Amino acid sequence: MADGVLRAISSDGTIRAVIATTTNLVEEARERHNLSYTATAALGRALTGGALLAAMVAKQGQVILKFQGNGPLGRVWVDASPKGTVRGYVENPQVELPLNSLGNFDVAGAIGHTGYLQVTHDVGYGIPYTSTVELASGEVGEDINRYLVASAQTGSIVIVGTHLGPRGVEAAGGLIVQLLPDHSEETICQIENNVSTFGSFTFLMRRGMSLEAMLKRILNGFAVHALTDVQPLTFYCKCSSERFVEALKVLDKKDLLSMAEEEGQAEGRCHFCNAIYHVGRERLLDLAQG
Ligand SMILES: [Zn+2]
């Protein structure tokens, strides 16, 4: 199944939902960053959360999620746009932990149980809007839920999952359901009931369930209509060799010259996608001349 995201709203306007499959883009992140199983599970959930939030809250620009917990994975950073592009990295991609007591990858142990999640919405002009919440658990979905509750003051449900097999990511995806003003107590009860019987998102995916069918399952009992067709999602990084050269231009002439003479080149690695860029000696000497 190609990666995609679907947005929907209930016909009475009190529930909105966004649901996504992200298997391919999470697998691409795993390969690019050479992630451990635990790091794949953690970054996979965060990438999915970023794609969902960007589709839900942003019309343009970017939504940036920074998880900074006290666990060994270090910072987890995701950058997503409502155009369906997502990129991200973890600070320590090789960290591997034993499975937790439920037999799952220990994402919370890797990110850390304490720390914060910072969510920034940068529309591309003016001052970006940032809000920070303390981590709820380090499990990613619960942390994003805490952010949504704090920022929107309404209840929401966040499910994000990554299923890994021996050869990599077999299924990844998730959903956010958000209650809007004027929802009834019955709506809350029905959704809680739906969540309790929903099952595992990645299990349903592996059984071949479509986004539309999973949406119906989580919003069982409500009349819901999709706001758009399924929109494609991809791992995409905007870095380029031109941008690397631009970054070098801000260095002192002295530093450029010593790089040219001592290293014979400048090498840069993009955090987000792990691409490596080289600028040779001659070009460095040109840049040093201004
Ligand atoms: Zn990049």
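Residue positions are counted from 1 within each chain, in the order its sequence is given. Predicted model: local features are reported for residues with pLDDT of at least 70 only, side-chain atom pairs are reported and counted for 80 or more only, and whole-chain, interface and lining totals are derived from all residues. Water and hydrogen atoms play no part in the side-chain values, which are based on all heavy atoms of the structure.

1. As for the overall build of the protein chain
- Where helices and strands are cited, they refer to DSSP runs of H or I of at least four residues and of E of at least two residues respectively, numbered from the N terminus. A count of helices and strands for the protein chain gives ten helices and 14 strands.
- This radius of gyration counts C-alpha atoms alone. The globule rule is 2.2 Å times how many residues there are, raised to the power 0.38. The C-alpha atoms of the protein chain give a radius of gyration of 21 Å, which matches the 19 Å a tight globule of 290 residues would have.
- Along the three orthogonal principal directions, the C-alpha set of the protein chain runs to about 70 × 45 × 35 Å.
- Burial classification: accessible surface area is computed with a 1.4 Å probe over protein chains only, and a residue below 20% of its type maximum counts as buried, one above 50% as exposed, and the rest as partly exposed. Buried residues in the protein chain amount to 48% of all 290 residues.

2. Digging into the pairing of strand β4 (residues 76–80)
- Counted residue by residue, β4 has four buried out of five residues, so it is predominantly covered.
- At least two bridges found by DSSP between two strands is the condition for calling them paired. Sheet analysis places strand β3 (residues 62–69) next to β4, joined by five bridges and oriented antiparallel. Each bridged residue has a counterpart across the sheet, and for F67 the counterpart in β4 is V76.
- Adjacent in sequence and paired antiparallel, β3 and β4 are bridged by six residues, among which G74 carries a positive phi angle near 70°.
- Both β4 and strand β5 (residues 85–90) contribute to a ladder of five bridges, which runs antiparallel.

3. A look at the packing of helix α5 (residues 185–198) against helix α7 (residues 211–218)
- Fitted lines through C-alpha atoms serve as axes, helices being fitted only where they are in contact, and the angles separating the N-to-C directions of these axes extend from 0 to 180 degrees. Their axes nearest at 8 Å, the elements α5 and α7 cross at an angle of 125°. As judged from the angle between their axes, α5 and α7 are oblique. When α5 is examined against α7, the residues N194, V195, T197 and F198 are found in contact with a partner set consisting of M214, R217 and I218.
- Looking at the contact of α5 with α7 residue by residue, the classes come out as four nonpolar, two polar and one charged. If an angle is under 35 degrees, it is roughly parallel; if it is over 145, roughly antiparallel; if it lies from 65 to 115, roughly perpendicular; otherwise it is oblique. We call two residues in contact whenever any of their non-hydrogen atoms come within 4.5 Å of each other. When residues are grouped by polarity, Ala, Val, Leu, Ile, Met, Phe, Trp, Tyr, Cys and Pro land in nonpolar, Asp, Glu, Lys and Arg in charged, and all others, Gly among them, in polar.

4. A short note on unusual backbone geometry
- Backbone geometry at N34 places phi at a positive 50°, although glycine is not the residue there.
- Among the structural elements, N34 can be located in the loop between α1 (23–33) and α2 (37–57).

5. A short note on the coordination of the zinc ion
- A donor here means an N, O or S atom no more than 2.8 Å from the metal, or no more than 3.2 Å when the metal is Na, K or Ca. Since water is not included, a site may seem to lack partners. Surrounding the zinc ion are the protein donor atoms C237 (SG), C239 (SG), C270 (SG) and C273 (SG), at 2.2 to 2.3 Å.
- Square planar and octahedral sites, with four and six donors, are those where opposite donors lie more than 155 degrees apart and all other angles lie between 65 and 115, tetrahedral sites have four donors with every angle between 85 and 135 degrees, and the rest are irregular. Around the zinc ion, the four donor atoms are arranged such that angles at the metal cover 99 to 115°; this shape is classified as tetrahedral.
- Relative accessible area serves as the criterion here: at 22%, C239 is assigned to the partly exposed category.
- For C270, a relative accessible area of 12% translates into the label buried.

6. Focus on the domain arrangement of the protein chain
- The source of the domain bounds is an automatic or database domain assignment. Along its sequence, the protein chain is organised into domain 1 (4–235) and domain 2 (241–288).
- In this structure, domain 1 and domain 2 have C-alpha centres spaced 36 Å apart.
- On the side of domain 2, four residues touch domain 1, which itself brings eight residues to the contact.
- Taken over both partners, the interface formed by domain 1 and domain 2 buries close to 600 Å², and the fraction arising from carbon and sulfur atoms is 60%.
- On the domain 1 side of the interface with domain 2, the three residues burying the most area are R32, R87 and Y89, jointly 66% of the side's total. By convention, the term buried area covers the 1.4 Å-probe accessible surface removed from two parts as they join, with the contributions of both added.

7. Digging into the sheet that holds β4
- Within the open sheet, the six strands sit side by side as β7-β6-β3-β4-β5-β12. Their pairing is mixed. Two strands close off the open sheet at either side, each with one partner strand: β7 (129–134) and β12 (234–235).
- Against the sheet, α2 touches β3, β4, β5 and β6 (115–122), its axis set at about 35° to β4.
- Helix α4 (residues 141–152) contacts β3, β6 and β7 of the sheet and is inclined by roughly 120° relative to β7.

8. Observations concerning the pairing of strand β2 (residues 15–21)
- Taking burial as the measure, the seven residues of β2 include six buried ones, the bulk of the element.
- Here six bridges tie strand β1 (residues 4–10) to β2, and the two strands are oriented antiparallel to one another. By the bridge assignment, I9 is partnered in β2 with R16.
- From the end of β1 to the start of β2, which pair antiparallel, there are four residues, and G13 there has a positive phi angle of about 75°.
- Note: β2 against strand β9 (residues 168–179), seven bridges, orientation antiparallel. Within the sheet, the bridge partner assigned to R16 lies in β9 and is Q178.

9. Regarding helix α8 (residues 241–249)
- Those residues of α8 that sit buried are F244, V245 and L248. Summarising the axial view, the buried residues of α8 lie within an arc of 100°, below the 170-degree limit, and thus occupy one face. What points out from α8, more than 90 degrees from its buried face, is the exposed set E242 and R243.
- Considering only its buried residues, α8 is in contact with α9 (253–263), β13 (265–269), β14 (276–280) and α10 (281–288). This arc describes the spread of directions from the helix axis toward the C-beta atoms.

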